[in-house]
Amino acid sequence: MNRNANGNGLPFHANSPSRRSASGNPFTMARRISPGRLFILVGLGFISLVAITRILFGSNGSHSSSAEQDAQNNAASDAERELKVQQILDTRTSAYSFDDFTEQGLVFPGNEHLMPATAILLGWKRLEGLKLIVSYLARYPYIKEIIVWNNNKENVLSRRDFEMDPSFGPLPELQVFNAKENLHDFAKYMSCSLAKYQHCYFQDDDWLNTHMDALYTNFLTAPNLIHTNTLPMIHMEHRRWTFTNEEYKMHAGFSWMGTGSFLPREKAQRLLEQGGNSNLAKDRIKVIDMYFSIWTNQYPYQLVNYLTPLDQKNGWSTEGVSDHWSIVFRNMLDAADRLYSALVANPEVSEKDYFPRDEDLPVIKDRHARSPCFNDKCLFKTSMDAFPEPKAVVFNGNLQTIEEQNQKFIALPDYPTNEFFDKFAYNHAVDNDPETCWNSFKAPQPGDSFGLQFVKGTALRKFTVNSSKSLAHLEGKFSVQVSDHAGVEWTICKHTVRFPTSTSMALDINCPSAPHLAKGLVNNVKIEFDQSVERSLEVCGMNVGGMVL
Ligand SMILES: *[C@@H]1O[C@H](CO)[C@@H](O)[C@H](O)[C@H]1NC(C)=O
């Protein structure tokens, strides 16, 4: 173990000697002492998703002939980005009502499933992004508290630095903490453990989450899980970065958290306990993001969409990018190895390690929400998963590199290629672009389904599905079903089918009134196959009761 200045092998201690805990355990200390009283010794760089996406997609690193051209491209994409962000800010509001999230509203019959959340934001150097996100989040009624944790001691922040527009509804409670030293991502989990509400929302200052309602709506269906939101290619990687061993109750998955995610406060609190028990070396505390989701021993629930970047200059670290992958992979494997060892050593939940043993529900194959609709008014759902279940690859704590894990998945029969998923990812069904399509990859089997979940209950009479291929062969092979927001109890509706063109299927729907469908409004609609279909399905656009997707 690395010994360091404070003698306990761990990176920080309370700044007042009287508060130094005898156990020298920084995580439990972090829980006990007030936020302003932490003193942290961390020195190295930092890794952000930005750096990662740059490597993956070469957005800033595309091979261009001259620096001049680079600068021009950046200026053009900056202007485009700013325009897109401005459009979102001008138009996007929540479909949730502020009245439902007052103290009285939350106990109103029918609102039992609504849950307020605390947003956790970190301050560093990009204050414009941070301010924009604070004012943006105040539009969403379920964000009832915002904690800004400022990691930058050179630039003290106060509540007066933030503006929120009260015309949307009652403003969230805003708390601003200034750290004495940079706590890096660790601050997120500490702040979340201090949150007033039982769930936290994480958001870095370099992305704008343009699908708050969709993410929240899906979070409400399984508030016990971590819910994240990422790009199609990153999702594809996350589906390989799962670590499963059924014999030892290991069912863990990696996810980046910074592009908009909901999580239970209890999981953040548990991370502090886990960290305190694990003797994590100092350089690992600041990359705790790479441990978090794996150490919940659950697969995160992840939606796929094209993220909206904000200004990403002045990040925590943009130098030495090539080195970042190895740091990410090393920490991810370390997290998985430590979890595996603990589970092998102790089959039951133990105060020694705080790793949960039971798998949270719904299990992966029952998680059908895939992508937010472009307008944030619905989610695209399907039972048809392009990827194998995580348990198809067994983790034995003996991986040398993450690439070995990738290869084990890629070697499975019928594994989709990058090109396939890039072209046919779920979000293409609901992106308002008739030229791009989702492809189910596998041919639909009886019981398979696709459909939509609406953020707000909708009266549904017409549903059109457009494809790039003929849809005529589907006739007579499916039923149309609807349900309330829980999506548990389904009602079969009568339907008639027309084919205005061979690639367009128009349904007229007539649903019987059912006690769980208040006022005939539905939150979920799905087309469920009762016979197998010979080839994979392609959906390029839909029209649901006038809403064009
Ligand atoms: C579906 O296709 C029909 C026929 O080509 C077209 O008129 C309609 O606008 C399309 N709808 C959507 C949602 O793309």
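Above this text is the structure in question.
Now for a look at the structure at hand. The model shown is predicted, which means the values in this text are computed figures rather than measured ones. (Residues numbered from 1 in each chain as written. Predicted model: local features only at pLDDT ≥ 70, side-chain atom pairs only at ≥ 80, totals over all residues. Heavy atoms only, no water.)

## What to know about the overall build of the protein
Filter applied, for reference: By definition, any uninterrupted DSSP run of H or I lasting at least four residues is a helix, any uninterrupted run of E lasting at least two residues is a strand, and each is numbered from the N terminus. Each residue is placed in one exposure class: buried if its accessible area under a 1.4 Å probe, protein chains only, is under 20% of its type's maximum, exposed if it is over 50%, and partly exposed if it falls in between. Areas reported here follow the Shrake-Rupley algorithm with a probe of radius 1.4 Å; residue values treat only the protein chains shown as occluding.
The number of helices and strands found in the protein is 14 helices and 25 strands. Per-residue burial over the protein gives 57% buried out of 549 residues. As displayed, the protein offers around 23000 Å² of accessible surface, 50% of which is attributable to carbon and sulfur atoms.

## Let's talk about the side chain of His199
What counts is decided by this rule: Throughout, a contact is declared for two residues whenever any of their heavy atoms are within 4.5 Å.
Among the secondary structure elements, His199 is positioned in strand 6 (residues 199-202). Given a relative accessible area of 6%, His199 falls into the buried group. With residues near it in sequence (within four places) discarded, His199 still touches Met115, Pro116, Ala117, Thr118, Phe219, Pro223, Leu263, Pro264 and Arg265.

## As for the site of the ligand
Worth spelling out the cut-off: Put simply, a residue is near a molecule or strand once any heavy atom of it comes within 4 Å of that molecule or strand. In protein, a polar contact requires one atom able to donate a hydrogen and another able to accept it; more generally it is a pair of N or O atoms within 3.5 Å, and residues adjacent in sequence count only if both atoms are side-chain atoms. Gly is placed with the polar residues, together with every amino acid not listed as nonpolar (Ala, Val, Leu, Ile, Met, Phe, Trp, Tyr, Cys and Pro) or charged (Asp, Glu, Lys and Arg).
Around the ligand, the neighbouring residues are Asn466, Thr501, Ser504, Met542 and Val548. Here Asn466 contributes a side-chain N or O atom positioned 2.3 Å from an oxygen atom of the ligand. Summarising the interface, the protein chains cover 52% of the accessible area of the ligand, which totals 360 Å² for the free molecule. Here the residues of the shell around the ligand are counted per class, giving 2 nonpolar, 3 polar and no charged.

## Some words on the environment of Phe463
Secondary-structure assignment places Phe463 in strand 18 (residues 462-466). C-alpha separation for the pair Phe463 and Met542, spaced 79 residues apart in sequence, amounts to 7.2 Å. Look past the residues within four positions of Phe463 in its chain and what remains in contact with it is Leu452, Met505, Ala506, Leu507, Ile509, Val525, Ile527, Met542, Asn543 and Val544.

## Notes on the nonpolar core
To keep things clear, this is the line we draw: Only buried residues count toward a nonpolar core, which is a set of Ala, Val, Leu, Ile, Met, Phe, Trp, Tyr and Cys residues joined through side-chain atoms within 4.5 Å.
With 53 residues, the main nonpolar core has Tyr189, Phe243, Leu263, Ile294 and Trp295 as its most contacted residues. Listing elements by their share of this core, those giving two or more residues are strand 3 (117-123), strand 4 (143-150), helix 6 (186-193), strand 6, strand 10 (250-253), helix 9 (265-278), helix 11 (289-295) and helix 12 (321-345). Those residues in contact with Trp295 that sit more than four places away from it in its chain are Leu271, Gln274, Gly275, Ser278, Leu280, Ala335, Arg338, Leu339, Phe355 and Pro356. In terms of nonpolar packing, the next biggest core, distinct from the first, is built from 47 residues, Phe450, Phe463, Leu474 and Val522 among them.

## Some points on the state of the cysteines
This is how it is decided: Put simply, a disulfide is two cysteine sulfurs that come within 2.5 Å.
Taken as a whole and assessed by the stated rule, the structure comprises 4 disulfides. Between the sulfur of Cys373 and that of Cys378 lies a disulfide, 1.9 Å long from S to S. Torsion about the S-S bond of the Cys373 and Cys378 cystine: about -110 degrees, corresponding to left-handed handedness. With respect to class, Cys373 is no different from Cys378; both count as buried. Note that Cys437 is cross-linked by a disulfide to Cys540, the S-S spacing being 2.1 Å. Between Cys437 and Cys540, the disulfide has an S-S torsion of 95 degrees and is therefore right-handed. Here the residue Cys437 occupies a position in the loop between helix 14 (418-424) and strand 16 (438-439), and Cys540 occupies one in the loop between strand 23 (538-539) and strand 24 (541-544), the gap between them amounting to 103 residues.

## Some thoughts on the pattern of salt bridges
Condition: Here, a salt bridge means any Lys or Arg side-chain nitrogen found within 4 Å of an Asp or Glu carboxyl oxygen.
On inspection of all chains with the given rule, the structure shows 20 salt bridges. Measuring nitrogen to oxygen at the nearest pair gives 3.0 Å for the salt bridge that ties Asp360 to Lys267. Placement of the pair is Asp360 in the loop between helix 12 and strand 14 (369-372) and Lys267 in helix 9, with a sequence separation of 93 residues. Accessibility expressed as a relative area gives 18% for Asp360, which makes it buried. Between Asp508 and Arg498 there is a salt bridge, and its shortest N-O distance comes to 3.9 Å. Taken together, the residues span a long stretch of sequence, with Asp508 in strand 21 (residues 504-510) and Arg498 in strand 20 (residues 491-501) at a distance of 10 residues. According to the relative accessible area criterion, Asp508 is partly exposed, its value standing at 25%. Overall, the relative accessible area of 46% leaves Arg498 in the partly exposed class. What you see here is one network of salt bridges that share partners, running through Asp185, Lys188, Asp204 and Asp289.

## Some points on unusual backbone geometry
That bond from Leu361 to Pro362 is cis: its omega, -5 degrees, falls within 30 degrees of zero. Among the secondary structure elements, Pro362 is positioned in the loop between helix 12 and strand 14. The phi torsion at His184 lies on the positive side, around 50 degrees, for a residue other than glycine. Relative to the helices and strands, His184 is located in the loop between strand 5 (173-178) and helix 6. For His184, a relative accessible area of 4% translates into the label buried.

## Re the packing of helix 6 against helix 9
Rules: Here the axes come from fitting lines to C-alpha atoms, over the contacting stretch only for helices, and the angles between their N-to-C directions go from 0 to 180 degrees. Roughly parallel covers angles under 35 degrees, roughly antiparallel covers those over 145, roughly perpendicular covers 65 to 115, and oblique covers all other angles. Handedness of each helix crossing follows the sense of rotation of the near helix against the far helix: counterclockwise by less than a right angle gives left-handed, clockwise gives right-handed.
Direction vectors running N to C along helix 6 and helix 9 enclose 120 degrees, while the axes themselves pass 8 Å from each other. Viewed along their axes, helix 6 and helix 9 adopt a mutual orientation that is oblique. For the crossing formed where helix 6 meets helix 9, the hand is left-handed. Residue-level contacts link Phe186, Tyr189, Met190, Cys192 and Ser193 of helix 6 to Arg265, Ala268, Gln269, Leu271 and Leu272 of helix 9. Residue classes in the contact of helix 6 with helix 9 are distributed as 7 nonpolar, 2 polar and 1 charged.

## Some words on the pairing of strand 3
The cut-off we apply is this: Any two strands are treated as partners once DSSP identifies two or more bridges connecting them. Handedness of a crossover is defined as follows: orient the strands so they point away from the viewer, and if the path from the first strand over the helix to the second runs clockwise, the crossover is right-handed.
When you tally the buried positions in strand 3, you get 7 out of 7 residues, the bulk of the element. Of the two faces of strand 3, the one lined by Ala117, Ala119, Leu121 and Gly123 and the one lined by Thr118, Ile120 and Leu122 are each fully buried. For strand 3 and strand 4, the ladder comprises 7 bridges, and the chain directions are parallel. If you follow Ala117 over to strand 4, its bridge partner there is Ile143. In this fold, strand 3 hands off to helix 5 (residues 127-137), which returns the chain to strand 4; that crossover is right-handed. Note that strand 3 and strand 6 share 3 bridges and pair parallel. Within strand 6, the residue paired with Ile120 across the bridge is Phe202.

## Remarks on the environment of Gln269
Relative to the helices and strands, Gln269 is located in helix 9. Of the residues examined, Gln269 reaches a relative accessible area of 19% and is grouped as buried. Spatially, the C-alpha atoms of Gln269 and Met190 are 7.5 Å apart, while their sequence positions differ by 79 residues.

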